[in-house]
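Chain and residue survey
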Amino acid sequence: MGKSRGMDERDRFRRRRKIIWALQWLLLFAVVAVLVVGIAAGIRWWGARGKQPNPMGESVTELGRQDDTKESTKNPTAEGGSTTETTETAEPSEGSEEEKLLEQTERMAAMYDYDRAIETLQNYEGYENSSALKRAAAAYEEAKAKTVAYPDMDKITHIFFHSLIADTSKAFDGGSTSAGYNQVMTTISEFNQMIQSMYEKGYVMVDIHDIAKIELAEDGSEKMVYQSIYLPEGKIPFVLSQDDVSYYEYMTGDGFANRIVVDENGELTCEMDLEDGTTLRGDFDMVPLIEAFVREHPDFSYRGAKGMLCLTGYNGVLGYRTDTEYENNPTYAQDVEAAKQVAAVLKEKGWYFASHSWGHIHMQERSFDAVKTDTDKWESRVEPILGETDVLVYPFGEDIGDWHPYQGEKFEYLESVGFRYFCNVDSAQYWMQLGSNYLRQGRRNVDGQRMWQDLQHPEKAKLSDLFDVQAVFDPARPTPVQ
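This report concerns the structure included in the present document. (Residues numbered from 1 in each chain as written. Predicted model: local features only at pLDDT ≥ 70, side-chain atom pairs only at ≥ 80, totals over all residues. Heavy atoms only, no water.)

Here we take up the packing of helix H8 (residues 188-201) against helix H10 (residues 286-296). Here H8 crosses H10 at 35°, and the two axes come no closer than 11 Å. Considering only the axes of H8 and H10, their crossing is right-handed. Contacts from Ile 188, Phe 191, Asn 192, Ile 195, Gln 196 and Tyr 199 in H8 reach Met 286, Leu 289, Ile 290 and Phe 293 in H10. Along the lines of polarity and charge, the residues of the contact of H8 with H10 split into eight nonpolar, two polar and no charged. (Axes fitted to C-alpha atoms, helices over the stretch in contact; angles between N-to-C directions. Helix = DSSP H or I, 4+ residues; strand = E, 2+ residues; numbered from the N terminus. Left-handed = near helix turned anticlockwise from the far one by under 90°. Contact = heavy atoms within 4.5 Å. Nonpolar A, V, L, I, M, F, W, Y, C, P; charged D, E, K, R; others polar.)

Below is the structure:
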C-alpha cells in the first residue's frame, strides 16, 4: 500500500511539472509574438515618417498630403549673423480650407489644367507657409513637364450622337418612327460601352475652340490659327457633340428623356415622363451620363471640356417649349426661365452650344433668303436663352459648299453674324479645313446605320479606331438596320 501511494505522488508530481513547463513555453511564445508585432509596427511607422514623394507612383492628392513636421528656414541678414525664422504649417486637417483647396486643384491637374491648378494654389493667402500646398504645386509642375503638344491638330476626330434611347421597348415598338430611331439613334447601353472603350484607348474630350482660334493678324484682320493641346504621351483629343438637344414633341412617349434639369444638388440630370403621368429622373441621355463618367474619370476631359450641344429652336430648347410659337402656353414663362437656368449650369460645367439652325432646314438647298430668315430666328428666339455661339452645325449632315474653301453670299452672311466654326458630316476618321477666318470640321455619325454597315463590311469598318462594334451593338436593335 505504501509503495502504491509513493508511486501516485511521483505521478502527480510529474504531471504538475509537465503542466508548468507547458505554461512557461506558452507564456514565452506570447511574449515573442508581441515583440515581433511591435517591432514590425515601429518599422512601418518609421518608414512612413521618412517617405519621400514619388510623382510617378502616387496620386497628386497623396503628394499634397504626406505627413510633414514643421520646418523653418534661417536666413542670415546683411547686418551680420542674425537670423529670421519662418514656420510652415503642419498638414491640413480633414475638411479644412487647405484640404478643400488641394481636392479642387487635384481635379484641375487630373484634367491637365496644370497652370490653373498652380495659380490657384499660389494665390491662396496661406500658400507661402504651407508645405503641403508647395509640394502639390511642385507635383503639378512635374506632371505638366511630361505633357507634349499633340502633333496633328488637323487630324482630330469628331463624333456625334442624337438623343440616346433609354427604353428600347418603346423606341423599337414597330411604330412609324421606329425605323428612323433604329437608323440614327444610339442606345444608352451602346453609348456607355463606346465611351468606356474610348477612355481605355486614351481619348480625351476637347472643346472645338481648343483646336483653333481667331487671332488678330498684323494688319488688324482676323485669322484662324491652330492652337496647341498639351496631353501626356499617348492621349488622343477628340470632339464630342449631340444633335437636336431640343427633345422634340414627336418623341414623347417613345423611350427618350423629355428634358434636362438641375437636381437639388446642382447636378445635371434628365426627366422622362411616363404614360401614367409620373416623371422619373435619371441618367437618360448623354449630358448626365458624361457628367457621371467625368466625375469618376476626370482625365477624360481636357481642362474641363465636355461636349457640344447642337440645338434647333422651333420646338424650344433643352426640352422646354421656349419658342415664341408657345407664348400662349400657361407654362411658357416658366419654361423660358427654367431653360435659361439649365443653360447657365451647362456652360458652367464645360458644355457649349451650337446652332443647328432654327428650323432644321436644308441650308445647302434653300435659298439665301431662307437661310437668312432662319438664322435671324435663331438669333432672336434662341440666343436670348442660350447665349451667343460661333458654331454652326448643319442639319442633315450637309454643308453650304463643296470641299473648296468657303465663298459666296451664304457664307458671307453667316460669317457676318459671328459664325466661325462649321461642321458637316463625314464618315472619314477626320476631316478638317482651316480657312482664313474659319474652321471647318467633319463629324462622324455613331448610330445604328453606321454600326450595321461596319458589321456587314468589317473590311471597310469606320469605327474600329473607337470601339469594337460587335461588342457594343445592342441586341435589342431590330436587324437589319434599314
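Spatially, E12-E13-E14 is the arrangement adopted by the three strands of the open sheet, whose pairing is antiparallel. With one partner strand each, in any of the chains shown, strand E12 (259-262) and strand E14 (279-282) form the two edges of the open sheet. Adjacent strand axes in the sheet meet at a mean angle of 40°, parallel and antiparallel pairs treated alike. Two elements, E12 and strand E13 (residues 268-273), share four bridges in a ladder whose sense is antiparallel. Bridge pairing in E13 links Val 261 to Thr 269. Against the sheet, H10 makes contact with E12, E13 and E14, and its axis sits at roughly 145° relative to E13, the strand it touches most. Where helix H11 (residues 332-348) meets the sheet, it contacts E12 and E13, and its direction lies at approximately 75° from that of E12. (Pairing = 2+ DSSP bridges.)

Its 14 residues give H8 an end-to-end C-alpha distance of 20 Å, which sits within 8% of 20 Å, the value for a rise of 1.5 Å per residue. Among all positions of H8, only Ile 188, Glu 190, Phe 191, Met 194, Ile 195, Ser 197, Met 198 and Tyr 199 are buried. Gly 202 occupies a position one or two residues after H8 and carries a positive phi of about 100°. (Expected span 1.5 Å × (residues − 1). Buried < 20%, exposed > 50% of the residue type's maximum accessible area, 1.4 Å probe, protein only.)

On to unusual backbone geometry, then. Cis geometry marks the peptide bond from Thr 479 to Pro 480; its omega dihedral reads -5°. Along the chain, Pro 480 falls in the segment after helix H15 (469-472). We note that Tyr 112 has phi near 70°; this positive angle belongs to a residue other than glycine. If you trace the backbone, Tyr 112 turns up in the loop between helix H3 (97-110) and helix H4 (114-122). Positive phi is not limited to glycine here, since Phe 396 has a value of about 65°. Here Phe 396 is to be found in the loop between strand E17 (391-393) and helix H13 (409-416).

Interaxial distance between H3 and H4 falls to 7 Å at its minimum, and their mutual angle equals 160°. What the angle tells us is that H3 and H4 run roughly antiparallel. Seen along the crossing, H3 lies across H4 with a hand that is left-handed. Of the residues in H4, those touching H3 at Leu 101, Gln 104, Thr 105, Met 108 and Ala 109 are Tyr 114, Arg 116, Ala 117, Thr 120 and Leu 121. Grouping the amino acids of the contact of H3 with H4 by side-chain chemistry returns six nonpolar, three polar and one charged. (Parallel < 35°, antiparallel > 145°, perpendicular 65-115°, else oblique.)

Right, let's get into the environment of Leu 318. You can see Leu 318 is positioned in the loop between strand E15 (308-311) and H11. Not counting the four nearest positions on each side in its chain, Leu 318 is found in contact with Val 245, Ser 246, Tyr 247, Arg 259, Ile 260, Leu 311, Ala 339, Val 342, Ala 343, Leu 346, Phe 353 and Leu 386.

Bringing the pairing of E14 into the picture now. Where E13 and E14 come together, four bridges link them in antiparallel fashion. When the bridges of E14 are listed, Asp 273 appears paired with Thr 279. Linkage of E13 to E14, two consecutive antiparallel strands, is achieved through a turn of five residues, within which Gly 277 is found at a positive phi near 95°.

Our next topic: the environment of Leu 386. By secondary structure assignment, the location of Leu 386 is in helix H12 (residues 368-386). The buried category is assigned to Leu 386, whose relative accessible area is 1%. The spacing of Leu 386 and Phe 353 is 33 residues in sequence and 7.4 Å in space, taken between C-alpha atoms. Contact partners of Leu 386, with chain neighbours within four places excluded, come to Leu 311, Val 317, Leu 318, Ala 343, Lys 347, Phe 353 and Trp 378.

To continue, consider H12. The α-helix winds at 3.6 residues per turn, so residues separated by three or four positions along the chain end up facing the same way. Over its 19 residues, H12 extends 25 Å from the first C-alpha to the last, a length consistent with the 27 Å expected when each residue adds 1.5 Å. The largest bend in H12 comes to about 30°, at Ser 380, with the proline Pro 384 one to four residues further on. Listed as buried for H12 are Ala 370, Val 371, Asp 374, Thr 375, Trp 378, Val 382, Glu 383, Ile 385 and Leu 386. Along its buried surface, H12 packs onto E15, H11, strand E16 (352-355) and H13. Count one or two residues on from H12 and you reach Gly 387, which has phi positive near 95°. (Bend = angle between axes of the 7 residues up to and from the residue.)

Our next topic: the pattern of salt bridges. With the rule as written, the count across this model stands at 21 salt bridges. Across the pair Glu 264 and Arg 281 runs a salt bridge, and its minimum N-O distance is 3.9 Å. Of this pair, Glu 264 sits in the loop between E12 and E13 while Arg 281 sits in strand E14, and the two are 17 residues apart along the sequence. Linking Arg 281 and Glu 271 is a salt bridge whose minimum nitrogen-to-oxygen distance equals 2.9 Å. Here Arg 281, found in strand E14, pairs with Glu 271, found in strand E13; they are ten residues apart in sequence, far enough to count as distant. Here the salt bridges do not stand alone but share partners, grouping Arg 259, Glu 264, Glu 271, Asp 273 and Arg 281 into one network. (Salt bridge = Lys/Arg side-chain N within 4 Å of Asp/Glu carboxyl O.)

This structure, assessed with the given rule, holds zero disulfides. Cys 423 forms no disulfide, and the closest cysteine sulfur to it belongs to Cys 310, at a distance of 7.3 Å. (Disulfide = S-S within 2.5 Å.)

Quick look at the side chain of His 158 now. You can see His 158 is positioned in strand E4 (residues 157-161). A polar contact is formed between the side chain of His 158 and the side chain of Ser 241, at a distance of 2.8 Å. For His 158, the residues in contact, after removing those within four places along its chain, are Val 239, Leu 240, Ser 241, Met 308, Cys 423, Gln 441, Gly 442, Arg 443 and Arg 444. (Polar contact = N/O pair within 3.5 Å; in protein donor to acceptor, adjacent residues only side chain to side chain.)

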